Amino acid sequence: MDLDALYQQIILDHYRSPQHAGLREPFDVEVHHVNPTCGDEVTLRVKLSDDAEPVVRDVSYAALGCSISQAAASVLTELVIGKPVAQALVVQQEFLALMQGRGTVVADEESLGDAVAFAGVAKFPSRVKCALLPWMAWKDATSSAMNGQPAHPNSPKENHHARR
Amino acid sequence: MGLLPDLDLLRLDFPILNRELAGGHALVYLDSANTSQKPQVVIDTMVDHLERHNANVARAMHQLGAESSAAFEAARDIVAAFIKAPSRDEVIFTKNASEGLNLVANTLAWPGEWAVGVGDEVVITEMEHHSNIVPWQLLTQRTGARLRWFGLTEDGRLDLSTVDDLITERTKVVSLTWVSNMLGTINPVAEIARRAHEVGALVVVDASQAAPQLPLDVVASGADVVVFTGHKTVGPTGVGVLWGRREILEALPPFLGGGEMIETVTMERSTYAPIPHKFEAGTPPIVEAIGLGAALEYLSHIGMDAIHAHEQAITAYALEGLATIPGIRVLGPLDASQRGGAIAFDLPGVHPHDVATVLDTRGIAVRAGHHCAKPAHARFGVQSTTRMSSYLYTTPAEIDALIEGLAFTRSYFGLDPVTAAR
């Protein structure tokens, strides 16, 4: 196993200098997701525009966890803030496919940007959930903000939604 | 220094210790508090049973059935001897330690001599594994009783200064771990049992981490019920043990209903088999129990006193080594004679997952996370920790590999710029 494939410099940079970190106002929805097996936690807020085709205005977060989950949250904000929600959801799907590909999926740098650095994580099965934690939280929050419904009725009890 | 003699020869008993991992690294297995590795004799005993003697127990009227029943019940005798139980009938095979704890917590909700109800109190501790917290939460929520607990001192021991306030005439159950899976602390079980018995409370002890490491004498422990799991005592998964004093097991109602646990059944009602079978509904984990018997015989052959001395020597050596890592914080007692072989630590600046992954790439297996002890982690202000845990096959050279691996981890994450590897 190649350690440097997992801990790409980009990941360590985001871990040390997280982008868009902290919880900010205004926001539409706040979610709290935990990884019950390891205890990693993220509280994440989304603010969407009021347009008919909404745009991601802001994503803010407080993350408690390992370098992979922290860096994933940072990269996520860089990728989705400013994008139309529909387009950001496509990026989320691509990232999910990359993480679940066990190292066989070729990352598209055009759409995934810094997130291509996570390609190596897919080869460490025990760490895939770390990378996905903030992305799942963001998807959950975004779909709640879009339709006002709890997105994951089956999500663990500790997870919560709050709507402004 | 108390190490087991002929450690190299002993290690040959455990085939997995010869495994080579990715990158050509030898396995350094420091996760035995999670699950222990298995000696060849356990593997062979289980294979032999499946190849030559497999049949259901107690209900098959043929030669194989008799052989299988004899082997299964012989395993019960071995367990009884291993824990110095006064009677083999007091040894119940369960699925694991969690099932043992749930068996007690669940049956105490029903009417009977030991029933827990409104106004009663159950006392546990802040250092328990989730499996000795959640069943008592369920019991007290279901019955309207109150759950209370011992807090912990800064050095990871039970805070016994509150004992007079905690253990009162309202106390019906005191349930605690013998050895902490996170802090390593060895608790004064006999002393707490004495206090609990003064008020007539039932004493339940989780010996999951004690059974692998300490010579066990369930009567001397003062406990009324002791549970442990098989897979941490070099046995297989899928089997655990509950020992209880006869009068208590006879007074408690059945836990699970089904085959084997009955005396007779009509459509209206049933009567129950005497212990131990009253608590063993359905086909039991037969080959697992037989494997556990082989495992406990193996440990007894080496000697639990010698294994305990080995664990203390390795633990002392590990604590010395860990102390050389800048910034490291070991949780729990720092005196090896006061603790078991699980050592949880925090390396500021590197998350435990990252520590575990870096070590894993060097062939070193440790556990990272909350170790099913979230309240104990919260008590010490940490979300998670890295935990190394040794056993009878652990060598000082493996501890050296861990310490080198931790030094490398620090430099890899840039905590030690002078020797940074990147």
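Not measured: the values here are computed from a predicted model. (Residues numbered from 1 in each chain as written. Chains lettered and ligands numbered in written order. Predicted model: local features only at pLDDT ≥ 70, side-chain atom pairs only at ≥ 80, totals over all residues. Heavy atoms only, no water.)

On to the overall build of chain B, then. Of regular secondary structure, chain B possesses 14 helices and 17 strands. Whereas a compact globule of 422 residues would reach a radius of gyration of roughly 22 Å, chain B reaches 22 Å, a difference of no more than 12%. Each principal axis of the C-alpha distribution contributes one length, and for chain B these read about 80 × 55 × 35 Å. Of all intrachain contacts in chain B linking residues separated by at least 6 positions in sequence, the fraction that spans at least 24 positions is 71%. Surface exposure of chain B reaches about 16,200 Å², of which carbon and sulfur atoms provide 54%. Of the side chains in chain B, 31 bear a positive and 49 a negative charge, and the two mean positions are spaced by 5 Å. (Helix = DSSP H or I, 4+ residues; strand = E, 2+ residues; numbered from the N terminus. Rg over C-alpha atoms; globule rule 2.2 N^0.38 Å. Contact = heavy atoms within 4.5 Å. Areas by Shrake-Rupley, 256 points an atom, 1.4 Å probe, with all protein chains shown as cover. Lys, Arg positive; Asp, Glu negative; His and termini not counted. Charge placed at Lys NZ, Arg CZ, Asp CG, Glu CD.)

Quick look at the state of the cysteines now. By definition, a disulfide links two cysteine residues through a covalent bond between their sulfur atoms. All names here are of chain A. Following the criterion strictly, the structure yields 0 disulfides over all chains and no others. In this structure Cys-130 is not part of a disulfide, and its nearest cysteine sulfur, from Cys-66, lies 3.8 Å away. Owing to a relative accessible area of 2%, Cys-130 belongs among the buried residues under this scheme. (Disulfide = S-S within 2.5 Å. Buried < 20%, exposed > 50% of the residue type's maximum accessible area, 1.4 Å probe, protein only.)

A word on the nonpolar core. Leu-44, Ile-68 and Phe-118 of chain A together with Leu-402 and Leu-406 of chain B are the most contacted members of the largest nonpolar core, which has 76 residues in total. Among the elements that line this core, the one with the most residues is helix α6 (residues 128–147) of chain A, at 10 residues. Contact partners of Phe-118 of chain A, with chain neighbours within four places excluded, come to Ile-11, Ile-68, Ala-71, Ala-72, Val-75, Phe-95, Met-99 and Ala-131 of chain A. Core analysis: the next-biggest nonpolar cluster, separate from the first, contains 75 residues, Leu-158, Leu-292, Ala-294 and Ala-295 of chain B among them. (Core = buried A, V, L, I, M, F, W, Y, C linked by side-chain atoms within 4.5 Å.)

All names here are of chain B. For chain B, the assigned domains are domain 1 (7–30 + 303–421) and domain 2 (42–300). Distance from the C-alpha centre of domain 1 to the C-alpha centre of domain 2: 29 Å. Of the residues lining the interface, 33 residues belong to domain 1; the matching set on domain 2 comes to 32 residues. Of the roughly 2,700 Å² buried at the junction of domain 1 and domain 2 (both faces included), carbon and sulfur atoms supply 59%. For the domain 1 face of the interface with domain 2, the top three residues by lost area are Met-304, Arg-379 and Tyr-391, together amounting to 22%. Between domain 1 and domain 2 we count 1 salt bridge in total. In this structure, the salt-bridge partner of Glu-154 is Arg-379, at a minimum N-O distance of 3.3 Å. (Domains from an automatic or database assignment. Buried area = accessible area lost by both parts, 1.4 Å probe. Salt bridge = Lys/Arg side-chain N within 4 Å of Asp/Glu carboxyl O.)

The subject of this paragraph is the packing of helix α3 (residues 67–80) of chain A against α6 of chain A. All names here are of chain A. Remark: α3 packs on α6, axes separated minimally by 7 Å, with the N-to-C direction vectors making an angle of 40°. Here α3 is positioned oblique relative to α6, judged by the angle of their axes. At the point where α3 passes α6, the crossing takes the right-handed sense. Only Cys-130, Ala-131, Pro-134, Trp-135 and Trp-138 of α6 make contact with α3, whose side of the interface consists of Ile-68, Ser-69, Ala-72, Ala-73, Leu-76, Leu-79 and Val-80. Here the residues of the contact of α3 with α6 sort into 11 nonpolar, 1 polar and no charged. (Axes fitted to C-alpha atoms, helices over the stretch in contact; angles between N-to-C directions. Parallel < 35°, antiparallel > 145°, perpendicular 65-115°, else oblique. Left-handed = near helix turned anticlockwise from the far one by under 90°. Nonpolar A, V, L, I, M, F, W, Y, C, P; charged D, E, K, R; others polar.)

Before going further, it helps to spend a moment on the packing of helix α12 (residues 352–360) of chain B against helix α14 (residues 396–412) of chain B. Residue and element names in this part refer to chain B. Their axes nearest at 10 Å, the elements α12 and α14 cross at an angle of 120°. The pairing of α12 with α14 is recorded here as oblique in orientation. The element α12 and its partner α14 pack so that their crossing is right-handed. Side by side, α12 and α14 meet where Val-355, Val-358 and Leu-359 of the first sit next to Leu-402, Gly-405, Leu-406, Phe-408 and Thr-409 of the second. Of the residues in the contact of α12 with α14, the class split is 6 nonpolar, 2 polar and no charged.

What follows concerns the side chain of Ser-32 of chain B. Mapped onto the fold, Ser-32 of chain B is located in the loop between β3 (28–29) and α2 (40–53). Ser-32 of chain B gets classed as buried once you look at its relative accessible area, which sits at 5%.

Residues and elements named next belong to chain B. Read from one edge of the open sheet, 4 strands run β13-β14-β17-β16, paired in antiparallel fashion. Two strands bound the open sheet, and with one partner strand each, they are β13 (329–330) and β16 (367–369). Across 2 bridges, β13 lies against strand β14 (residues 342–346) in antiparallel orientation. Across the sheet, the residue bridging to Arg-329 is Asp-346, located in β14. Strands in contact with α12 are β16 and β17 (385–389); relative to β16, the strand with the most contacts, it is inclined by about 160°. (Pairing = 2+ DSSP bridges.)

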